[in-house]
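The lines below spell out each chain.
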Amino acid sequence: MSLGPTGSGGPSTAGAPVEGELAGGAVLVDDIGELVTCAGAEGSAGAEGSTGPEGSAEEALGIRHGAAVVIDGGVVRWIGPSGQAPAVDRRVSVGGRAVIPAFVDSHTHLVFAGDRSAEFAARMTGERYDGGGIATTVGATRCATDDELRTLLAARVAELRAQGSATVEIKSGYGLDIATETRLLALAREVTDETTFLGGHVVPAEFRSDRAAYVDLVAGAMLAACAPLARWIDVFCEPASPHAFDADEARVILEAGVRAGLLPRVHGNQLSHGPGVRLAVDLGAASVDHCTFLDDADVAALAGSDTVATLLPGVEFSTRMPYPDARRLLDSGATVALATDCNPGTCFTSSMPFVIALAVRELRMSPAEALLAATVGAATSLRRSDIGRISVGLPARLTVLDAPSHLHLAYRPGVPLAAPLWG
Ligand SMILES: [Zn+2]
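Basis of the calculations
- Residues numbered from 1 in each chain as written.
- Predicted model: local features only at pLDDT ≥ 70, side-chain atom pairs only at ≥ 80, totals over all residues.
- Helix = DSSP H or I, 4+ residues; strand = E, 2+ residues; numbered from the N terminus.
- Rg over C-alpha atoms; globule rule 2.2 N^0.38 Å.
- Buried ≥ 20, exposed ≤ 12 C-beta atoms within 10 Å, placed from the backbone.
- Contact = placed C-beta atoms within 7 Å.
- Pairing = 2+ DSSP bridges.
- Axes fitted to C-alpha atoms, helices over the stretch in contact; angles between N-to-C directions.
- Domains from an automatic or database assignment.
- Core = buried A, V, L, I, M, F, W, Y, C linked by C-beta atoms within 7 Å.
- Parallel < 35°, antiparallel > 145°, perpendicular 65-115°, else oblique.
- Left-handed = near helix turned anticlockwise from the far one by under 90°.
- Nonpolar A, V, L, I, M, F, W, Y, C, P; charged D, E, K, R; others polar.
- pLDDT = per-residue confidence, 0-100.
- Arc of directions from axis to C-beta.

Draft legend 1. Local environment of the overall build of the chain. Scanning the chain from N- to C-terminus turns up 15 helices and 16 strands. The C-alpha radius of gyration computed for the chain amounts to 21 Å, which stays within 12% of the reference 22 Å derived for 423 residues, consistent with globular compactness. With the C-alpha coordinates of the chain rotated into their principal frame, the extents come out at 70 × 45 × 45 Å. The buried share of the chain, taken over its 423 residues, is 54%. Across the chain, every contact between residues at least 6 apart in sequence was considered, and the portion connecting residues at least 24 apart equals 70%.

Here is the structure:
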């Protein structure tokens, strides 16, 4: 079900109005069985319905039952009990379904060519992942034309949006030379403002014998060419992989990025205990992603910082590695986000509902914690307060579930319940 504008690349289902039809008119989205605002007490104040204990994840969901939302000009104008809405130009019923904020997918690698399904199949029969397969994608991506990459990217963005995500972060990192990294970022920029320069993904084969020269290139000429096309800079900091970067190399790249006006985020602690988390916190990074192997100092550092711990359990599912300890992070007070890490090597899913189901089943997050992490948590990891929640005055980005409650996201894994409603 898609009631209103779903943005560029967004799918529309049969019977839905085409973009523009509703322009200028106020629309009442009515008969919402369960409205999850993720706006906390503000979202549920004065409304009948359930909220959990003060300060709990359940309270933070800001659930309202029997609610309605007025959208005008792409902005949420009113939220309240069905039947008390102001006059509108048009009323649409969602028939008792649940409505939630559109998911924020804050970590993807969507611009690439080639296929690595054989690598996945080999891994499922016992081979261990060490990050080297990225070279396969780099080779295919360098050979692809802009039009080929644009077509592949559009299909992946449409797939992601069809499953209820409205915001996507996209990294470069499959070019690893100046010409291709800038091409990838320019293509990503066509579909999102949340673009990330990841020249520091791995050391490409042609620099294996001179890693320092590659770090110089990434922090120098490649960064200079890519910075105008990116908001973020990211590095795969993983001393356990011979292809990735150690703490000193990662720091050089990230600090150069900050000087160029980019905001830092880090791939850290994915394959082993290591320096990624503390480097991210030290640099004031918005997010450190993976966080699979953490020691007590890492958890304490995250809990005492504004750096979000972004968990990507689709990777552990697809690589058969141990899952991160989400409970330890949540119980410490760290902010946790969930994202897909959609990429051709370690996790080729675009489904935030699947990630939520994994987080509940395997990471022992509550359904409320998982939904918050996939919306406001992920928004925080992008330093955004205008997405990931439904609140008066914010842009309308709504996802509808073909279910009476958000609990069904994890309760019915693999079932396509989530669809774009607005935005
Ligand atoms: Zn990644």
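Draft legend 2. Spatial organisation of the environment of Ala155. Inspection of the secondary structure assignment puts Ala155 in helix α5 (residues 146–162). Taking the C-alpha atoms as reference, Ala155 lies 9.8 Å from Leu110; in sequence the two are 45 residues apart.

Draft legend 3. How the structure looks around the sheet that holds strand β8 (residues 170–171). Pairing is parallel across the open sheet formed by 7 strands, whose spatial order is β8-β9-β10-β11-β12-β13-β14. In this open sheet, the two strands that pair with only one neighbour each are β8 and β14 (336–338). Pairing analysis gives 3 bridges linking strand β13 (residues 308–311) to β14, with the strands arranged parallel. Of the residues in β14, the one forming a bridge with Leu311 is Leu338. Together, β9 (195–200), β10 (232–237) and β11 (263–268) form the strand contacts of helix α8 (residues 247–259), whose direction differs from that of β10 by roughly 180°.

Draft legend 4. Quick look at the domain arrangement of the chain. The domains assigned to the chain are domain 1 (27–102 + 388–422) and domain 2 (104–381). A straight line from the C-alpha centre of domain 1 to that of domain 2 covers 30 Å. At the junction of the two partners, domain 1 supplies 22 residues and domain 2 supplies 24 residues.

Draft legend 5. Quick peek at the environment of Val288. Among the secondary structure elements, Val288 is positioned in strand β12 (residues 287–290). A count of 30 C-beta atoms within 10 Å places Val288 in the buried class. For the pair Val288 and Pro264, spaced 24 residues apart in the sequence, the C-alpha separation amounts to 9.2 Å. Among residues more than four places away in sequence, those in contact with Val288 are Val266, Gly268, Gly276, Val277, Ala280, Thr307 and Ala309.

Draft legend 6. Examining the nonpolar core more closely. Of all hydrophobic cores here, the largest spans 132 residues; its most connected members are Leu338, Ile356 and Ala359. It is helix α14 (residues 367–381) that contributes the most residues to this core, 9 residues altogether. The residue makeup of this core includes at least three contributed by each of domain 1 (27–102 + 388–422) and domain 2 (104–381). If we skip the residues at most four places from it in the chain, Leu338 touches Leu311, Val355, Ile356, Ala359, Ala370, Ala373, Ala374, Gly377 and Ala378.

Draft legend 7. Spatial organisation of the packing of helix α13 (residues 352–361) against α14. In contact at an axis separation of 9 Å, α13 and α14 are set at 140° when each is read in the N-to-C sense. When the interaxial angle is binned, α13 and α14 end up oblique. Viewed along their axes, α13 and α14 form a crossing whose handedness is right-handed. Judged by residue contacts, Met352, Val355, Ile356, Ala359 and Val360 of α13 engage Pro367, Ala370, Leu371, Ala373 and Ala374 from α14. Looking at the contact of α13 with α14 residue by residue, the classes come out as 10 nonpolar, no polar and no charged.

Draft legend 8. View of the pairing of strand β16 (residues 418–422). Of all 5 residues in β16, 4 are buried, a share of seventy percent or more. Two elements, strand β15 (residues 398–401) and β16, share 4 bridges in a ladder whose sense is antiparallel. Among the inter-strand pairings, Val400 is bridged to a residue of β16, identified as Ala419.

Draft legend 9. How the structure looks around the environment of Ala260. Mapped onto the fold, Ala260 is located in the loop between α8 and β11. Counting along the chain gives 200 residues from Ala260 to Ala60, while the straight-line C-alpha distance between them is 37 Å. Apart from the residues within four sequence positions on either side, Ala260 is in contact with Leu223 and Ala227.

Draft legend 10. Structural view of the confidence of the model for the chain. Model confidence for the chain is summarised by a mean pLDDT of 92, while 91% of its residues fall at 70 or above. Note that residues 4–22 has pLDDT below 50 and, in this model, 34 contacts with residues that lie over four places away or in other chains. When the criterion is pLDDT under 50, residues 45–50 qualifies, and its contacts beyond four places in sequence or with other chains add up to 9 contacts.

Draft legend 11. Region of interest: unusual backbone geometry. Within the chain, His290 stands out as a residue other than glycine whose phi angle is a positive 105°. You can see His290 is positioned in strand β12. A positive phi angle, close to 55°, is found at Cys291, a residue other than glycine.

Draft legend 12. Local environment of the pairing of strand β3 (residues 75–81). Examined bridge by bridge, strand β2 (residues 63–72) and β3 share 6 bridges and lie antiparallel to one another. In the sheet register, Asp72 faces β3, and the bridge partner there is Val75. Where β2 hands over to β3, the hairpin turn is made up of 2 residues, of which Gly73 adopts a positive phi near 60°.

Draft legend 13. Just helix α4 (residues 134–143), in detail. All buried positions along α4 are accounted for by Ile134, Thr137, Val138 and Thr141. For α4, the angular spread of buried residues about the axis comes to 105°, placing them on one side. Tucked into the core, α4 has its buried residues touching α6 (178–189).

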